[in-house]
Structure formats: structure tokens, C-alpha cells
Amino acid sequence: MSTNGKDKSQRVRIRCSAATESGTCQDAKTFYLKTVESAVLAGLEAEMRHPNVIAEYVRTYHEERKRLSAKANAKRAHLETRLGELNREIDRLVDAIAKGRGGDE
């Protein structure tokens, strides 16, 4: 579909782009864009309310939440490991400084 200008009331009209560009479409009828958008949205709304669609959405949502939670837990575990390593290094450096050796061991 492509725009086909506006009518006198300034409403946008659309039609098959093949009819507009090459004239190869046999159905050159125009439609109001708002009418087509309303029909498409009403159809989508009806489809989205179907129990199977809702069940699939819920299943997909839970899978994604589980995946994100596992990813966050893995990242947290990695950061906690790294924090432990850094704290041990700080402790070694503080001990070395306290014993007068600096950072050379």
C-alpha cells in the first residue's frame, strides 16, 4: 500500500502500490488510511485476546524472565568472585606496606 494523496477533507487515502507505481494491480481502489488502520488494529486486538495467544505470551514472558535472572545471577557471581580477589589483593598490599616491604614480595 502507498499513499494516494488526500481528499477534500484532507484525509489520507491509500491504495495498492503496484497500482500506483506500475499500474499492474487490477484493484486500483483507494481506501482511507484511518479506516485501514482501524481495521488492522481491531483485528490485532481481537487476535491478542485469544486465549492461546495470551498463553503463549505468558510462557514467553516467563522464559525471558528466567533467562534474564540466570544471566544476572551469573554476572553477580562473577562480580562477587572478582571482589573477593581484589579484597585479598588489597589485604596482601596492606600487609606488605605494614611490614615495610612495599609491594615487592
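Each value, and the rule that gives it
- Residues numbered from 1 in each chain as written.
- Predicted model: local features only at pLDDT ≥ 70, side-chain atom pairs only at ≥ 80, totals over all residues.
- Heavy atoms only, no water.
- Helix = DSSP H or I, 4+ residues; strand = E, 2+ residues; numbered from the N terminus.
- Buried < 20%, exposed > 50% of the residue type's maximum accessible area, 1.4 Å probe, protein only.
- Salt bridge = Lys/Arg side-chain N within 4 Å of Asp/Glu carboxyl O.

To continue, consider the environment of Met48. When you line up the elements, Met48 lands in helix H2 (residues 33-48). For Met48, a relative accessible area of 53% puts it in the exposed group. In this structure, the C-alpha to C-alpha distance between Met48 and Asp91, residues 43 residues apart in sequence, is 58 Å.

The full count for this structure, using the stated rule, is 8 salt bridges. Across the salt bridge formed by Arg59 and Glu63, the nearest N and O atoms sit 2.3 Å from each other. Taken together, the positions of Arg59 and Glu63, both in helix H3 (residues 51-98) and 4 residues apart, correspond to about one turn of that helix. For Glu63, a relative accessible area of 45% gives the class partly exposed. Residues Glu64 and Arg67 are paired through a salt bridge, measuring 2.7 Å at the closest nitrogen-oxygen approach. Residue Glu64 and its partner Arg67 are both found in helix H3; the two are separated by 3 residues, about one turn of the helix.

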